[in-house]
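Structural description and commentary
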Amino acid sequence: KSGRMLPGITAIDRADLIVQVGRNLEASHPVLSLRVRKAVRNAGAKFLMASTEPGGLDPEAFDRRRIEAGGEAAFLAELYGTATLAKSARGVLVLNAGPRNEACLSAVKSLLDAHPTLSLLILDDAGNLNGAWDAGFAPGFGPGYAAVGGVAGRSRASVLSDVAAGTIPNVLVFNSG
């Protein structure tokens, strides 16, 4: 079943494989970075990373790749049939592409469908964006990341444009500070 979100960051402590894709985890989410380091050093987790910039976790990775910003979905597509994912019993995919996370959802869904032992942790800069996506507020996806058949998804820019034009009459904003 797809849409398997990591129940909490403590689950990283028990992972046998951690795949991190996107930005430098140490710079964007330092506490999570420490958990990854602990899982690798103390629990023997394998760590595969595809990062847009170097960081302190680089030496922990058994496979480290530098990708361009925007190359996250292509990297995820490359992982689809790899033996590394197939051998994992408690794998965690950490998606840390910030505003580009949305463009990776189809590739992530394919990975989750192909690898039933893989869990997902999406990191974003926007407050509770993950909860909104879980509830179905992602272009082309409904609750639980179920594909929405026959309905074209909407991008953030499209929704914001409609808000500015008054087509969407009411907006509730939390923690926009």
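Residues numbered from 1 in each chain as written. Predicted model: local features only at pLDDT ≥ 70, side-chain atom pairs only at ≥ 80, totals over all residues. Heavy atoms only, no water.

**Considerations on the overall build of the protein chain**
Using the following cut-off: For the purposes of this entry, the term helix denotes a DSSP run of H or I that reaches at least four residues, the term strand denotes a run of E that reaches at least two, and both are numbered from the N terminus. Residue exposure (1.4 Å probe, protein chains only): buried if accessible area is under 20% of the type maximum, exposed if over 50%, otherwise partly exposed. To measure how exposed things are, a 1.4 Å probe is used in the Shrake-Rupley method; for residues, cover is taken only from the protein chains shown.
For the protein chain, the helix and strand inventory stands at seven helices and five strands. Ordered by position from the N terminus, the helices and strands of the protein chain form the series β-α-α-β-β-α-α-β-α-β-α-α. Counting every position in the protein chain, which comprises 177 residues, the buried fraction comes to 40%. If you sum the accessible surface of the protein chain, you get close to 9200 Å²; carbon and sulfur atoms cover 56% of it.

**Comments concerning helix α3 (residues 72–79)**
Selection criterion: Of all possible arcs, the one meant is that of the directions from the helix axis to the C-beta atoms. Two residues form a contact once any of their heavy atoms are found within 4.5 Å.
Within α3, the full set of buried residues consists of Glu72, Phe75, Leu76 and Leu79. Summarising the axial view, the buried residues of α3 lie within an arc of 100 degrees, below the 170-degree limit, and thus occupy one face. Elements in contact with the buried residues of α3: β1 (17–22), β2 (46–51), β3 (63–66), α4 (83–87), β4 (91–96) and α5 (105–114).

**Digging into helix α2 (residues 30–43)**
Applied cut-off: Helix span, as expected, comes to 1.5 Å for every residue beyond the first.
For α2, which comprises 14 residues, the first-to-last C-alpha distance of 19 Å matches the rise-based estimate of 20 Å (1.5 Å per residue) to within 8%. Those residues of α2 that are buried are in contact with β1, α1 (25–28), β2, β4 and β5 (118–122). Looking at the residues trailing α2, positive phi occurs at Gly44, about 75 degrees.

**Some points on the sheet that holds β2**
As a reminder, the rule being used: Should DSSP find at least two bridges between two strands, the strands are taken to pair. Think of each axis as a best-fit line through the C-alpha atoms, taken over the contacting stretch in the case of a helix, with angles from 0 to 180 degrees between the N-to-C directions.
The parallel open sheet is built from five strands, whose spatial order is β3-β2-β1-β4-β5. Pairing within the sheet leaves two strands with one partner each, and these edge strands are β3 and β5. Strand-to-strand, the axes of this sheet are offset by a mean angle of 10 degrees, without reference to chain direction. α3 rests against β1, β2, β3 and β4 of the sheet, and its axis sits at about 150 degrees to β1. The strands touched by α5 within the sheet are β4 and β5, with β5 carrying the most contacts at an inclination of about 155 degrees.

Read these as layout, nothing more, since geometry by itself doesn't imply function.
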